[in-house]
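Chain by chain, the residues run as shown.
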Amino acid sequence: MEKYKNPDLPVSERVTDLLSKMTLDEKIAQMGAQWLILKQDGNHEDRELEMGDNGTQKSVQERLCHGIGQITRPLGTHSVPAAEGVAALNQLQKFLVEETRLGIPAIPHEECLVGLMAEGATLFPSSLNYGHTWNPALIQAAGKAISAQVRRVGARQGLAPVLDVSRDVRWGRTEETMGEDPYLAGVLATGYVQGIQGEDRSVCATLKHYVGHSFSEGARNHAPVHLGFKELNDTFMLPFEMAVKLGKAASVMPAYHDIDGEPCHASHFLLTEVLRQQWGFDGLIVADYGGVELLHSHHAIAGNKAEAAALAFNAGLDIELPDSACSEQIIQALEAGLMKEDKIDEIVARILSWKFKLGLFEQPYCEPVTEATIQSSQACSLAYQIACESAVLLKNKKLSEGDHLLPLSTTTRLAVLGATADDPLALLGGYSFPVHLILSKADQSEQSIKTLKQAFEERFDVVAYEKGCDILTERHANAPVFPGDVDLAVAQTLTSPISQDQSGITKTKGAIDQCDVAIVCVGDLAGLFQTGTVGEGSDTDSLQLPGVQQALIDFALDSGKPVVVLVTGGRPYQLGRAEEEAAAILYGWAPGQEGADAIADIVCGKVNPGGRLTLSFPKNVGAVPYYYNHKLKSGGTPIAYHFGARYPFGFGLSYTRFEYSEFETKHHTAPQTGEFEVSVMLTNAGKYDGSEVVQLYVRDKIASLVRPVRELKGFAKVRLAAGESRRVHFTLPVDMLNFTNHQYQRIVEPGEFELMIGRSSTDIVFHDRVTVTGETRILPQQWRMVCVVSTE
């Protein structure tokens with residue numbers, strides 16, 4: 001047996017042996033991928049839609065003959081039953097193992113942001129829902145369940161989670177974020193990574209989009225980012241640092257944009273100096289789809305694909321995705337002196353190392369599956385729980401008899417109105433499989449997803465439904481988004497498909513007249529690249545509801561009947577008169593396949609809403625970008641009238657009432673290596689069981705650089721039975737009071753800090769001041785990144 005095939009030898013020895021046997025062509029093949037429609041008979045086909053103009057394509061067999069680094073989305077590319085998809089993947093792996101010279105298997109990857117993106121997999125809620133749960137253990141459990149489905153179809157890498165920190169909610173990819181706070185995003189993402197990878201890291205999670213992607217110019221997809229490194233590090237890099245150091249993430253994906261003129265895919269500083277050398281990252285850096293070619297075709301910092309490949313791989317990239325459009329030009333880069341073979345050996349050694357660690361040489365094939373074996377009752381239960389815990393109740397009017405409108409008795413006669421009420425796609429995020437299929441114009445064999453209308457009909461005695469209006473007139477796939485289409489993007493004359501037809505609104509009068517309460521279902525339709533109103537490439541210039549949905553709400557309000565506004569989608573919206581006149585406002589975000597049941601259970605009182613906002617709701621579009629952890633002078637002088645949030649970060653109502661008391665700070669001074677302990681007694685003083693999110697904020701009173709008005713440094717989601725009390729303890733390491741200095745170092749300065757405990761970022765119920773003693777301290781590589789929380 002050759003050394004590299006011996007599983008009993010150390011990985012390093014196997015890598016050295018295999019690398020020594022490889023030709024240059026075989027090494028370069030490992031640095032790319034192939035995106036094919038796989039066939040069980042081995043006659044694999046090219047996709048109709050390519051990421052860029054590859055010129056004259058080699059045949060599939062020619063592209064596979066030296067092996068490949070990764071297989072791009074074998075089941076997620078098109079609608080294929082699991083049994084067929086796995087059989088086709090196994091056939092491709094069989095070719096690589098048995099018919100290429102060295103038999104090196106590929107790493108198959110799939111999207112898994114909101115569950116495995118493949119036919120028959122569980123459709124989880126969006127990342128924005130993950131954030132609104134404030135429940136790291138739940139998100140870790142979801143990651144574990146998603147990982148089981150990823151493994152079941154043979155994939156060994158999942159392209160998730162998204163760690164972009166929301167800054168401008170006009171950005172279409174807001175729905176992929178976990179919110180606007182870097183610490184919350186870091187804690188939740190670390191849990192997700194640990195769930196996906198397991199302790200043995202037998203599936204690679206992929207952190208994206210590294211870094212600053214969410215603060216793009218004008219909140220437009222791919223647009224430049226204007227940030228200095230200090231803010232970049234303190235806000236946008238923190239979640240990545242946490243997921244690398246605490247979660248041991250096995251992969252990172254750079255973002256498409258440039259920062260101060262330097263594209264992330266070509267940044268040696270970000271990919272090598274920070275990620276590998278400063279943070280100790282030991283995984284694979286994989287390109288975002290087409291990101292290498294963009295260095296040539298969009299960013300124009302490379303004259304051709306060979307130069308683009310040299311820039312990216314010299315900067316720190318390991319594998320080009322989704323294909324080998326540029327990596328196949330590496331020989332030309334070598335001939336031009338743009339790359340050295342030593343760099344190729346370094347990269348390929350990392351790739352081979354991970355293939356050995358993942359056990360692909362011993363188990364390159366996947367066990368045969370059926371669709372029924374992908375789904376699991378546990379995954380569905382977790383999807384339901386996330387949908388329940390992430391729904392945020394923003395308003396609940398008190399009635400004359402003393403009770404609030406919600407929850408409703410099931411004998412209440414409902415009018416259910418709106419474009420999202422009977423549309424299953426309205427419950428899904430942009431990276432769910434059915435929504436992705438819109439882009440490829442595929443025929444959907446859409447799995448059964450219960451709609452809001454159906455869920456209400458199951459629970460309430462009388463439900464009258466009228467749609468009232470549409471959001472879109474059509475859902476098409478013709479937006480210019482891929483490399484090479486700059487001329488089309490500049491000259492496009494496309495008209496918006498958002499419907500302006502109000503003719504159906506008056507038809508809702510009959511349903512409203514016979515109801516006790518009208519539930520108006522409004523919001524977004526997720527869709528990539530302008531196939532929807534939110535999602536990747538579906539950015540907006542307004543925070544008004546798309547189309548004529550506001551007119552439908554106003555028509556219902558004019559009736560005088562109590563109106564519940566139920567919003568689903570991927571960003572906050574201004575709701576006009578409803579913010580004052582509606583009886584209740586409930587945000588469900590994109591709650592996934594179990595979302596209709598979860599929302600209906602909240603409305604009828606089976607579930608007490610427990611979500612808290614992880615996005616501030618700007619007063620209007622003129623207030624964006626707005627986020628709670630802004631600088632004092634962000635509001636201008638005098639403070640602009642349009643500045644601020646209607647509903648603040650951390651806010652959310654419950655059907656019960658929580659009281660805070662008996663605040664205590666254990667010590668008011670601590671050394672640089674110390675910690676502060678603060679606690680509060682929490683009591684459920686209402687009549688419903690429920691959950692409260694206790695939030696700890698900090699403000700640096702005097703610092704050498706301008707600091708935010710407050711920053712979240714700890715949180716605890718606490719479930720209490722009616723009448724129950726529990727003390728919540730926070731242990732805050734002094735390390736977490738750091739910021740980045742002029743030398744790009746994380747430092748903690750001595751001095752006074754304000755500690756705040758609150759129900760939200762603005763509803764602060766306890767203040768205290770503490771002091772850090774000693775000299776300014778530069779933090780070590782492994783600094784304490786987490787506030788420890790306990791209850792008793």
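Labelled according to an unreviewed UniProt entry, the protein appears under the name Beta-D-glucoside glucohydrolase, originating from Vibrio quintilis. Among the UniProt annotations of the protein, the heading Sequence similarities (unreviewed entry) holds the following wording: "Belongs to the glycosyl hydrolase 3 family."

One open sheet accounts for 6 strands, arranged 12-17-16-15-13-14; its pairing is mixed. Only two strands of the sheet have a single partner each, and these edge strands are strand 12 (392–396) and strand 14 (462–466). The mean inter-strand angle of the sheet, taken between neighbouring strand axes irrespective of direction, is 20 degrees. Sheet topology places strand 15 (residues 517–523) next to strand 16 (residues 563–568); 6 bridges connect them, and they run parallel.

What follows covers empty space enclosed by the protein. Under the counting rule described, the total for this entry stands at 6 cavities of 30 Å³ or more. Approximately 180 Å³ is the volume attributed to the largest cavity. Asp234, Leu238, Glu711, Lys713 and Met736 are, among the 16 residues lining the largest cavity, the residues nearest its centre. The set of elements that each furnish at least two residues to the lining of the largest cavity consists of helix 7 (182–197), helix 8 (229–245) and strand 24 (711–720). Considering every element that reaches the lining of the largest cavity, the biggest residue donor is strand 24, with 3 residues. Counted by class, the lining of the largest cavity contains 8 nonpolar, 2 polar and 6 charged residues. Among the domains, domain 1 (25–47 + 59–372) and domain 3 (658–791) are the pair contributing at least three residues each to the lining of the largest cavity.

Turning our eyes to something else, we now look at the side chain of Arg156. Note that Arg156 resides in the loop between helix 6 (136–152) and strand 6 (157–158). Asp200 provides the closest opposite charge to the buried, unpaired Arg156, separated from it by 6.9 Å. At 3.1 Å, the side chain of Arg156 and the backbone oxygen of Ser202 are in polar contact. From its side chain, Arg156 meets the backbone oxygen of Leu358 in a polar contact 2.8 Å long. Discounting chain neighbours no more than four positions away, the residues touching Arg156 are Ile107, Pro108, Ser202, Val203, Cys204, Leu358, Leu360 and Gln363.

Interface size is commonly expressed as the accessible area that is lost once the parts come together. When the domains of the protein are assigned, the result is domain 1 (25–47 + 59–372), domain 2 (394–647) and domain 3 (658–791). The C-alpha centroid of domain 3 is placed 34 Å from the C-alpha centroid of domain 2. Contacts between the two partners involve 10 residues from domain 2 and, on the opposite side, 17 residues from domain 3. Regarding the contact of domain 2 and domain 3, the summed buried area is about 1100 Å², with carbon and sulfur atoms giving 54% of it. Counting every contact that joins domain 2 to domain 3 gives 2 salt bridges. Across the salt bridge formed by Arg612 and Glu692, the nearest N and O atoms sit 2.9 Å from each other. Where domain 2 packs against domain 3, one counts 6 residue pairs in polar contact (both at pLDDT 80 or more). In the side of domain 2 that touches domain 3, the residues fall into 3 nonpolar, 4 polar and 3 charged.

What follows deals with the pairing of strand 8 (residues 251–254). Here strand 8 shows no split at all, with Ser251 and Met253 on one side and Val252 and Pro254 on the other all buried. Both strand 7 (residues 204–210) and strand 8 contribute to a ladder of 3 bridges, which runs parallel. Within strand 8, the position partnered with Tyr210 by the bridge is Pro254. Crossover strand 7 to strand 8 through helix 8 is right-handed. Here strand 8 runs beside strand 11 (residues 284–285); their pairing, made up of 2 bridges, is parallel. Each bridged residue has a counterpart across the sheet, and for Val252 the counterpart in strand 11 is Ile285.

Below, the discussion takes up the sheet that holds strand 25 (residues 725–733). Pairing is antiparallel across the open sheet formed by 4 strands, whose spatial order is 20-22-25-31. A single partner strand is all that each edge strand has here, and the edge strands are strand 20 (658–665) and strand 31 (788–791). Averaged over neighbouring strand pairs, the angle between their axes works out to 20 degrees when direction is ignored. Here 9 bridges tie strand 22 (residues 675–684) to strand 25, and the two strands are oriented antiparallel to one another. Looking across to strand 25, one finds that Phe676 is bridged to Leu732.

Counting 167 residues, the largest nonpolar core has Phe124 and Tyr210 as the members making the most contacts within it. Setting aside residues up to four positions removed in sequence, Tyr210 forms contacts with Met237, Phe240, Val252, Met253, Pro254, Ala255, Cys264, Leu270, Leu271, Val274, Leu275 and Trp279. Counting residues in hydrophobic clusters, the runner-up holds 40 residues, among them Leu405, Leu566, Ala584 and Ala598.

The rules behind these values
Residues numbered from 1 in each chain as written. Predicted model: local features only at pLDDT ≥ 70, side-chain atom pairs only at ≥ 80, totals over all residues. Heavy atoms only, no water. UniProt positions renumbered as here; feature names shortened; annotations may be inferred. Pairing = 2+ DSSP bridges. Helix = DSSP H or I, 4+ residues; strand = E, 2+ residues; numbered from the N terminus. Axes fitted to C-alpha atoms, helices over the stretch in contact; angles between N-to-C directions. 1 Å grid on protein atoms, 1.4 Å probe; cavity = no way out; pocket = protein on both sides within 12 Å on 5 of 7 lines; lining within 4 Å. Points joined across faces, edges and corners; volume = space filled by probe spheres on them. Nonpolar A, V, L, I, M, F, W, Y, C, P; charged D, E, K, R; others polar. Domains from an automatic or database assignment. Buried < 20%, exposed > 50% of the residue type's maximum accessible area, 1.4 Å probe, protein only. Lys, Arg positive; Asp, Glu negative; His and termini not counted. Salt bridge = Lys/Arg side-chain N within 4 Å of Asp/Glu carboxyl O. Polar contact = N/O pair within 3.5 Å; in protein donor to acceptor, adjacent residues only side chain to side chain. Contact = heavy atoms within 4.5 Å. Buried area = accessible area lost by both parts, 1.4 Å probe. Right-handed = clockwise from strand over helix to strand, strands pointing away. Core = buried A, V, L, I, M, F, W, Y, C linked by side-chain atoms within 4.5 Å.

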